[in-house]
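So the chains spell out like this:
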Amino acid sequence: MLIPRKDIPVLLIFAAILAGCSGGGPDDTDQVHVSVSVVPGSAAPGGAVTLLWKFELAEGWHLYWTGLNDSGYPPKVEMDLPEGYLAGGLQWPVPERYEMEGGILDHVYHHDFVLLQRVGIPGDATPGDEVAVQAEVGWLACKESCVPGKDPVAFTLKVADLAGFGATEGPTAVELAEARAQLPQPVPDDYFGTSWDGSVFHLSAEGARQLTFMPTEDCGALRDLLRDGRGPELTLEFKPKKDTVGPVRGLVTVEPEDGATVTYRIDYPAVVLPTASPGG
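Being a predicted model, the structure only gives us computed values, none of them experimental.

Asker: Help me understand the pairing of strand 2 (residues 48-57), please; the structure alone is not making it clear to me.
Answerer: Side chains on a regular strand alternate between the two faces of the sheet. Of all the 10 residues making up strand 2, 7 are buried; the element is thus mostly covered by neighbouring parts of the structure. In this structure, strand 2 lies alongside strand 8 (residues 113-120), joined through 8 bridges in antiparallel fashion. Each bridged residue has a counterpart across the sheet, and for A48 the counterpart in strand 8 is G120.

Encoded structure:
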């Protein structure tokens, strides 16, 4: 079901969109095309492959990140895997902060992107087997209007019959490397300066021209992300919950005075607010 943006007129268009239904790329009537690649082409029993879920977007349309948004919901992948095959969580590339009229703040993708997902091959899998997998991918695409879409996607998992067979080579290896380069990075030790002042969390980085915070859904409740989420330094005000504030979880994009922009994953624990002294 469509989830409209708050305070924005939205034309509700309900459509089931099948990838490849037109000969060309995505357009305003066929907004999203989804495909999947398996890298490497096969894996030995007990090994793993990586799925590259590729989303092609029509010009001017966007899809949503899995973190905190005021409107919309992120793409979802559901797979019917055989017993013993285990799928990991989706790995999301860095989104962009997207401000709209009416104080609406989302984190979205305006261009083609790839989600990565690991799938483990059971140790007792038979070498030479080829396992057909059916998946369903759903999303909400938005421009002036929002359209829910859904694609069936089929692919094959191959169990290697020779040591080293199916090694990562060719164009798919390049695509995998490019997709990994779009993921947020682990933050280096002591890179950010951080401190709590009551319910306010301060974060800074030496040499940063601008910082942007994009919280995950399990971040603590923020007072005003639209106001506080971007600046030369971050001052994030949290709403206390049972005398506790935080945790601070999400992504921080660092735009330096000199050098390349980098986005890091951060995870700082919740803290207990100090108790006021009697009569204070």
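Asker: Where do I start with the state of the cysteines in this structure?
Answerer: Working definition of a disulfide: a covalent bond connecting the sulfur atoms of two cysteines. Inspection of every chain in the model, using the stated rule, returns 1 disulfide. The disulfide that involves C142 links it to C146, with 2.1 Å between the sulfurs. Between C142 and C146 the sulfur-sulfur dihedral comes to about 115°; the bridge is accordingly right-handed. Side by side, C142 and C146 carry an identical accessibility label, which is buried.

Asker: When you look at the pairing of strand 18 (residues 248-256) in this model, what are you seeing that I'm missing?
Answerer: In terms of burial, strand 18 is a largely internal element, 8 of the 9 residues being buried. Bridge analysis of strand 14 (residues 208-215) against strand 18 gives 7 bridges, and the strand direction is antiparallel. Residue pairing across strands places P215 opposite G250, the latter belonging to strand 18. Note: strand 18 against strand 19 (residues 262-268), 7 bridges, orientation antiparallel. Note on strand 19: the bridge partner recorded for R249 is D267. Following strand 18, the chain reverses through 5 residues before pairing antiparallel with strand 19; G259 in that reversal takes a positive phi of roughly 110°.

What counts, and at which threshold
- In every chain, residue numbers begin from 1 and rise along the written sequence.
- The predicted origin of the model limits local features to residues at a pLDDT of at least 70 and limits the giving and counting of side-chain atom pairs to 80 or more, whereas totals for whole chains, interfaces and linings rest on all residues.
- Based on all heavy atoms of the structure, the side-chain values leave hydrogens and waters out of the count.
- Here's how the labels work: a residue is buried when its accessible area is under 20% of the maximum for its type, exposed when over 50%, partly exposed in between, all with a 1.4 Å probe on protein chains only.
- By definition, any uninterrupted DSSP run of H or I lasting at least four residues is a helix, any uninterrupted run of E lasting at least two residues is a strand, and each is numbered from the N terminus.
- Pairing between two strands requires that DSSP report at least two bridges joining them.
- Disulfides are defined as cysteine sulfur pairs within 2.5 Å.

Note that every value here comes from positions in space, so none of it alone points to a role or purpose.
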